[in-house]
Amino acid sequence: MTERLANPTPLEVALEATFNSQSGNSQSGKPGGGDAVRAHAFERFAAARLPHRRIEGWRWSDFNAALRNVKGAPAPLETRAPPLVAELAGLKPLELRIVNGRIDLPAGEAPAGVRYDVIDAAPHMPQLEPHPLASLNVAMTEKALRLEILDGDDFGQPIVIRHINTGAGFCFAQTLIRLSAGAKATIIETFEGDGAGFYAHLGQVVIEDGAALTRAVLQDVGDDAIVQSICAVKLEGASHFSQTSLSTGARLSRHETLAHLLAAGASVKLDSASLLAGERHQDFTSEVLFVGEGGETRQRHKGVARDHGRNVFQGKFKVMRSAQKTDAKMNAAALLLSDTAETNHKPELEIYADDVQCAHGSTAGALDENAIFYMRQRGLDEDAARALLIEAFVAEAFDMIAHPGLHQAFAARVAGWLEAK
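Residues numbered from 1 in each chain as written. Predicted model: local features only at pLDDT ≥ 70, side-chain atom pairs only at ≥ 80, totals over all residues. Heavy atoms only, no water.

1. Side note on the environment of L202
Thinking step 1. In this fold, L202 is placed in strand 8 (residues 198-207).
Thinking step 2. Sequence-distant contacts of L202, defined by excluding residues within four places in its chain, comprise H124, L128, A134, N137, V138, A173, Q174, T175 and I230. (Helix = DSSP H or I, 4+ residues; strand = E, 2+ residues; numbered from the N terminus. Contact = heavy atoms within 4.5 Å.)

2. A look at the sheet that holds strand 18 (residues 342-351)
Across a sheet, paired strands are connected by hydrogen bonds in the backbone, their directions being either parallel or antiparallel.
Thinking step 1. In spatial order, the strands read 3-4-6-8-10-12-14-16-18; together these nine strands make up an open sheet with mixed pairing. With partners counted over all chains shown, the strands left at the sheet margins are strand 3 (114-120) and strand 18, one partner each. On average, adjacent strands in this sheet sit at an angle of 10 degrees to one another, irrespective of strand direction.
Thinking step 2. Relative to the sheet, helix 5 (residues 132-140) contacts strand 6 (170-179), strand 8 and strand 10 (226-235), its axis offset from that of strand 6 by approximately 95 degrees. (Pairing = 2+ DSSP bridges. Axes fitted to C-alpha atoms, helices over the stretch in contact; angles between N-to-C directions.)

3. Observations concerning the confidence of the model for the protein
Thinking step 1. For the protein, per-residue confidence averages 92 on the pLDDT scale, and residues scoring 70 or more make up 96% of the total.
Thinking step 2. Under a pLDDT of 50 for its full length, residues 25-34 has, in the predicted model, 18 contacts with residues more than four places off or in other chains. (pLDDT = per-residue confidence, 0-100.)

4. Some thoughts on helix 1 (residues 10-23)
Thinking step 1. End to end, helix 1 covers 20 Å across 14 residues, agreeing with the expected 20 Å (1.5 Å per residue, within 8%).
Thinking step 2. Its buried side turned inward, helix 1 meets helix 2 (36-48), helix 5 and strand 6. (Expected span 1.5 Å × (residues − 1).)

5. Details of the environment of Y352
Thinking step 1. By the secondary structure assignment, Y352 is in the loop between strand 18 and strand 19 (357-365).
Thinking step 2. Exposure remark for Y352: the relative accessible area of 40% places this residue in the partly exposed category.
Thinking step 3. Sequence spacing of Y352 and V319 is 33 residues, and the spatial spacing of their C-alpha atoms is 5.9 Å.
Thinking step 4. Setting aside its immediate chain neighbours within four residues, Y352 contacts K318, V319, M320 and R321.
Thinking step 5. A polar side-chain atom of Y352 sits 2.4 Å from a polar atom in the side chain of E350. (Buried < 20%, exposed > 50% of the residue type's maximum accessible area, 1.4 Å probe, protein only. Polar contact = N/O pair within 3.5 Å; in protein donor to acceptor, adjacent residues only side chain to side chain.)

6. Here's the deal with helix 2
Owing to its 3.6 residues per turn, the α-helix aligns residues three or four sequence positions apart on the same side.
Thinking step 1. Look at helix 2: 18 Å from first C-alpha to last across 13 residues, which is about the 18 Å you get at 1.5 Å a residue.
Thinking step 2. Buried residues belonging to helix 2 abut helix 1 and helix 5.

7. Observations regarding the pattern of salt bridges
Thinking step 1. The final tally for this structure, using the stated rule, is 29 salt bridges.
Thinking step 2. Notably, a salt bridge pairs D399 with R300, separated by 2.9 Å at the nearest N-O pair. Highlighted residues: D399 in the loop between helix 7 (382-395) and helix 8 (404-420) and R300 in strand 15 (residues 296-305), separated in sequence by 99 residues.
Thinking step 3. Salt bridges linked by common partners bring E95, R97, D104, R162 and E192 together as one network. (Salt bridge = Lys/Arg side-chain N within 4 Å of Asp/Glu carboxyl O.)

8. Quick word on the sheet that holds strand 7 (residues 184-193)
Thinking step 1. Ordered in space as 2-1-5-7-9-11-13-15-17-19, the 10 strands form an open sheet in which the pairing is mixed. Unpaired on one side and paired on the other, strand 2 (102-104) and strand 19 mark the two borders of the sheet. Each strand of the sheet is rotated relative to its neighbour by a mean of 10 degrees, with strand direction disregarded.
Thinking step 2. As judged from the 10 bridges shared by strand 7 and strand 9 (residues 212-221), these two strands associate in the parallel manner. Residue pairing for strand 9: I187 is matched across the bridge by R215.
Thinking step 3. Contacts from helix 7 reach strand 13 (267-276), strand 15 and strand 17 (327-336), with the element oriented near 155 degrees to strand 15.

Set out below in structure tokens:
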């Protein structure tokens, strides 16, 4: 075995051993065996190592510290999965599963208008090469879920991709999604399971001219889980991408969205919300790159934290010189329900064009005591008044969800969190 990590942690030792084992060439002396793409990816990770708080962009989400005590072994390759939760099962979706990194497809033929299969994992986008965890994912993932919505098809049935982690070690997964020209689809990705290990996901999405994708992300995992997910989206032509995310956090969780508007008339809408209690941590990080003229983006984040919960939002708009007439607005707001809760916001604008409308805003505060007093005067007790205000605050992140059943699923998650706390 050729070692590439100096003074590795136990997890890094296990990662390198697993990588060499997967390559099937651990005794050859060649770095990583025969697969050059994966070998180069592992070399990039070995040079960068796990991201830590001394690196800009990771200072509030220290994966090096969080992964120090993760068991140095792959998660068990189970294919069993709990039933889909009722609020999503009621949508009668097409269900695909990734359990501890293993892809589980439904039996029988795929419905008309959609194709899905398991393929060899693909190299990531060149723009992600500096990302250490993206490089690690490319090195460690052997198979990927491929999903395609065919030309011009309005696939009305929601598609659910369930990321289920039940182990205490580590596992990796990739998804490759393509919406062909003129296609439309709603894809719901859930991150769930009671595992205490590290789950890393790398998703690549291509949306061709005239296509529209609605993506919903729902995360509800155990207190000790560590989740890291990247969704890299390319919008080709006058296409549209809409994403709404809701997370109750984890020991450490980070969801990254990278959207590239490559052609004129593309548009993106990004909404996210965190509901955090205990020691839970949620990081929503995004970058929207505008290349084509006349791109439009609306981004909104709502964070609620109590106890020692930590809410992180990092959003960046990068407008290239070619992206004249860009219209982009970003806003992040947080509610802190205790003195020990924490929120960190970092909105950024990087603009090289001169005919644009771009803006960002950020606020943080406590519940309005006057509003609570007003509601109590009308018969609500204090707990009910606080819950109603929190629900209204978070609901603003979901008010643009067009699918009525999906909107209800998000509302049910918020209500459930409020009842449990």
